[in-house]
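Residue-level structure breakdown
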Amino acid sequence: MTNSLKVICPNGHLGFAPLKTESFQIAVEAGTDYIAADSGSDDIGPVPLGSDTCASPRAWQEHDLEVMLLAARRTGKPMIIGSAGDTGTNSRVDMYVQIIRDLARKHDLAPFRLGWFYSEVDKETVRASMLGGSPVRGLDGRPDLDEAELDATDRIVAMAGVHPFRVLLEEGCDVIIGGRSSDSAIFAAAALHEGFPDAQAYYLGKVLECASFCAEPYGAKETVMGEITPEFVEVTAMHPGQRCTVASVAGHAMYERSNPFHEYVAGGLLDMTDCRYEQVSEKTTRVAGMKFVPAEEFRVKLEGSGRLGERFVGMAGIRDPYTIANVDAVIEWARTQVRERFGDEGWELHYNVFGRNGIMGEMEPLKDKPAHELLIVVQGVAPTREMAEELTITGTRQLFYARLPEVKGTAGGVSFVFDEVMEASPGCRWTLNHTMAVNDPLALFPTHSEIVGSDVLETA
Amino acid sequence: MMTTKKLSELAKTIRSKNAGTDKITFDVIFRERDVYETVKRSGALTRESVSALFGIGDNRITDFVEYDPAYAIKFTILRPRPSGSPGDPDIFGAQQYAPLLDVDVNVDA
């Protein structure tokens, strides 16, 4: 076992916004053993998974993959990407694998081994588990999965732990493209492969996964470097103007998590309750005292999204104070016209009233104090494009004709920026946020590899 | 007489963000330990006070943590519906923290 290992991370969500190259190149020149980044998130809502699309332009993803691949191949260090293309579905993994092949040809790179794994789970696999007496358990207050909710689902990905990454590293892969994966597992796999202990390895992943979000002052998409030893992890900001401080590193442990002490991964729990933080130099903080508790039962997290229908969006403004005071009646009028045309079921219509409580809904403390002007955003969802369009235009244009008894302005009750509705992404819903027991940690994550470059064709 | 300050005058960071698909988590982070301790002592941020501020039942608050290593008070709530469902106006949950800015803190506590 080596005494320490360095891993750099240039982007907390590869492709969502391009990485900044200056701090990345500084990190590469400083010397690293691995280059790794996560490309996924469930922050982007259920639409990319439900419709099997990316949340960002392909050009940004290619940019980051190109910068990382060229540095990795120049220095001969492995490169690892998790949750390809935002969602980590099979089509996104295939897309990233093809981008790597194309970049190898474009830059005439010497042959290297490219590995990848898939994370999509067939609905029938989940159904078999459910009906076979192993409940698919709900997370975050959700009930256990039932067949109705499974039937409403269009696509499911399982969240990989370190296991498929480790298989591919053992096969000698130089570049790895992962399906949906735990953020921390991408980095932990490298450290475990090199013989470091679980607790430090998963902590390394936890602290690196969002790149410069663990540094201060705030500045995203900059590279950070983690160095793991058998006792502790050190994390260093690579941007000349950023530092990793006790506050920034400890603060990052709670980012996007409901609990700052516990991080669940496939196969166990990283416990940060007794972590000790120490500023060891201007840009570097050392963390020790983390623990890893292996899970008694191996459960894999599942994310699922179901398509509700086609979606259109309309907008309407209100300036009349009397109409503002009665905006709920205006909306109810429009909704009633929709009901008369389409019946009571088989569609969804949503109104967000900006200027009153458009952003916070029922949680808005000032919802009884609307502004002097409002913008209503209308969303209609229906089984077909044609119906969704007519539904949404009815739900928007009828705001114009609302019959308020005392209104002075009888020539039109709302303002239109445009008198039309716009086609949006399909309406989708997160149907699965659950866990499923599996016997084999690799069962849901088939791995593949091939030699890429210099026209060598060989598949393992 | 009691001296009060707004939470926004005392905290370095006040933010909200998704914690998975079904929750939003709020972080209030202080630069100095003594300010953090003052706010803790004041009782301005508790399960009860945030449930009143956001008008939600206590059962919607899944976690409430005083996180000493980062001088932070952190709580997490269940969303009314999963992020990004049609009608959800804040897919990332990133603009839900605003009411915290004006919370009054008794700094004599």
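In this text, all values refer to a predicted model and were calculated from it rather than measured experimentally.

Observations concerning the overall build of chain A
From N to C terminus, chain A includes 13 helices and 21 strands. By the compact-globule yardstick of 23 Å for 460 residues, chain A fits well, its C-alpha radius of gyration being 25 Å. Once the C-alpha set of chain A is aligned to its principal axes, its extents read approximately 80 × 50 × 45 Å. Counting over 460 residues, chain A shows a buried share of 56%. Counting only contacts in chain A whose residues sit at least 6 apart along the sequence, the fraction spanning at least 24 positions is 77%. Separation of charge centres in chain A, based on 42 positive and 68 negative side chains, amounts to 3 Å.

Thoughts on the pattern of salt bridges
For side chains of opposite charge, pairing can occur when their charged atoms come near one another. Residue and element names in this part refer to chain A. For the coordinates displayed, the defined rule picks out 40 salt bridges over all chains. Of the charged contacts, one joins Asp-52 and Arg-92 as a salt bridge, the two residues approaching to 3.9 Å between their closest N and O atoms. With Asp-52 in the loop between helix 2 (47-51) and helix 3 (58-75) and Arg-92 in helix 4 (residues 90-106), the pair connects residues that are 40 residues apart, well separated along the chain. With a relative accessible area of 18%, Asp-52 lands in the buried category. Arg-92 gets classed as buried once you look at its relative accessible area, which sits at 13%. With a closest N to O distance of 3.1 Å, Arg-397 and Asp-419 form a salt bridge. Here Asp-419 lies in the loop between helix 13 (385-397) and strand 18 (422-423) and Arg-397 lies in helix 13, a separation of 22 residues in the sequence. Assessed through its relative accessible area of 48%, Asp-419 is described here as partly exposed.

Some remarks on the interface of chain B and chain A
At the junction of the two partners, chain B supplies 40 residues and chain A supplies 43 residues. Taken together, the two surfaces of chain B and chain A that pack against each other cover about 3300 Å², and 59% of this comes from carbon and sulfur. In terms of surface lost to chain A, no three residues of chain B exceed B:Thr21, B:Tyr67 and B:Pro86, which account for 19% of the buried area on that side. Viewed at the interface, chain A and chain B are joined by four salt bridges. The shortest N-O distance in the salt bridge between B:Asp22 and A:Arg142 comes to 2.6 Å. Where chain B packs against chain A, one counts 18 residue pairs in polar contact (both at pLDDT 80 or more).

Considering the confidence of the model for chain B
Looking at chain B as a whole, the pLDDT averages 95, with 100% of positions reaching at least 70. Here the prediction assigns the complex a pTM of 0.94, and the interface score ipTM is 0.96.

Topic: the nonpolar core
A:Ile80, A:Val126, A:Tyr203, A:Leu208, A:Leu302 and B:Tyr67 are the most contacted members of the largest nonpolar core, which totals 74 residues. For this core, the element with the most residues is helix 8 (residues 183-193) of chain A, which contributes eight residues. Those residues within four positions of B:Tyr67 in sequence are excluded, and the remaining contacts are A:Ala250, A:Ala253, A:Met254, A:Pro260, A:Phe261, A:Tyr277, B:Tyr36 and B:Ala72. A:Met79, A:Tyr96, A:Val97 and A:Val452 belong to the second largest nonpolar core, which has 35 residues in total.

As for the packing of aromatic side chains
For the coordinates displayed, the defined rule picks out 15 aromatic pairs over all chains. Centroid distance A:Phe117 to A:Phe445: 6.1 Å. Interplanar angle 90°. Geometry classified as edge-to-face. Highlighted residues: A:Phe117 in strand 4 (residues 112-117) and A:Phe445 in the loop between strand 19 (427-437) and strand 20 (447-452), separated in sequence by 328 residues. Across this residue pair, the class does not change: A:Phe117 and A:Phe445 are buried. Measuring from centroid to centroid gives 6.3 Å for B:Phe54 and B:Phe75, while their planes differ by 55°, and the two rings are tilted. One end of the pair, B:Phe54, is in the loop between helix 3 (47-53) and strand 4 (61-67); the other, B:Phe75, is in strand 5 (residues 72-78), and 21 residues separate them in sequence. Owing to a relative accessible area of 1%, B:Phe54 belongs among the buried residues under this scheme. The class for B:Phe75 is buried, based on a relative accessible area of 0%. Grouping aromatic residues by their ring pairs yields a cluster made of B:Phe26, B:Phe54, B:Phe64 and B:Phe75. Above the ring of A:Trp116, the side-chain terminus of A:Arg101 is found at 5.6 Å from the ring centroid. In this structure, A:Arg286 is placed above the aromatic ring of A:Phe232, and the distance from its NZ or CZ to the ring centre is 4.0 Å.

Some points on the sheet that holds strand 11 (residues 268-271) of chain A
All names here are of chain A. The sheet built from three strands is open, its strands ordered 10-11-14 with antiparallel pairing. Looking at strand neighbours, the two that pair on one side only are strand 10 (262-265) and strand 14 (291-294), the edges of this open sheet. On average, each strand axis in the sheet is tilted by 20° relative to the strand beside it, whichever way the strands run.

Definitions and cut-offs
Residues numbered from 1 in each chain as written. Chains lettered and ligands numbered in written order. Predicted model: local features only at pLDDT ≥ 70, side-chain atom pairs only at ≥ 80, totals over all residues. Heavy atoms only, no water. Helix = DSSP H or I, 4+ residues; strand = E, 2+ residues; numbered from the N terminus. Rg over C-alpha atoms; globule rule 2.2 N^0.38 Å. Buried < 20%, exposed > 50% of the residue type's maximum accessible area, 1.4 Å probe, protein only. Contact = heavy atoms within 4.5 Å. Lys, Arg positive; Asp, Glu negative; His and termini not counted. Charge placed at Lys NZ, Arg CZ, Asp CG, Glu CD. Salt bridge = Lys/Arg side-chain N within 4 Å of Asp/Glu carboxyl O. Buried area = accessible area lost by both parts, 1.4 Å probe. Polar contact = N/O pair within 3.5 Å; in protein donor to acceptor, adjacent residues only side chain to side chain. pLDDT = per-residue confidence, 0-100. Core = buried A, V, L, I, M, F, W, Y, C linked by side-chain atoms within 4.5 Å. Phe/Tyr/Trp six-rings, centres within 6.5 Å; stacked < 30°, edge-to-face > 60°. Lys NZ or Arg CZ within 6 Å of the ring centre and 35° of its normal. Pairing = 2+ DSSP bridges. Axes fitted to C-alpha atoms, helices over the stretch in contact; angles between N-to-C directions.

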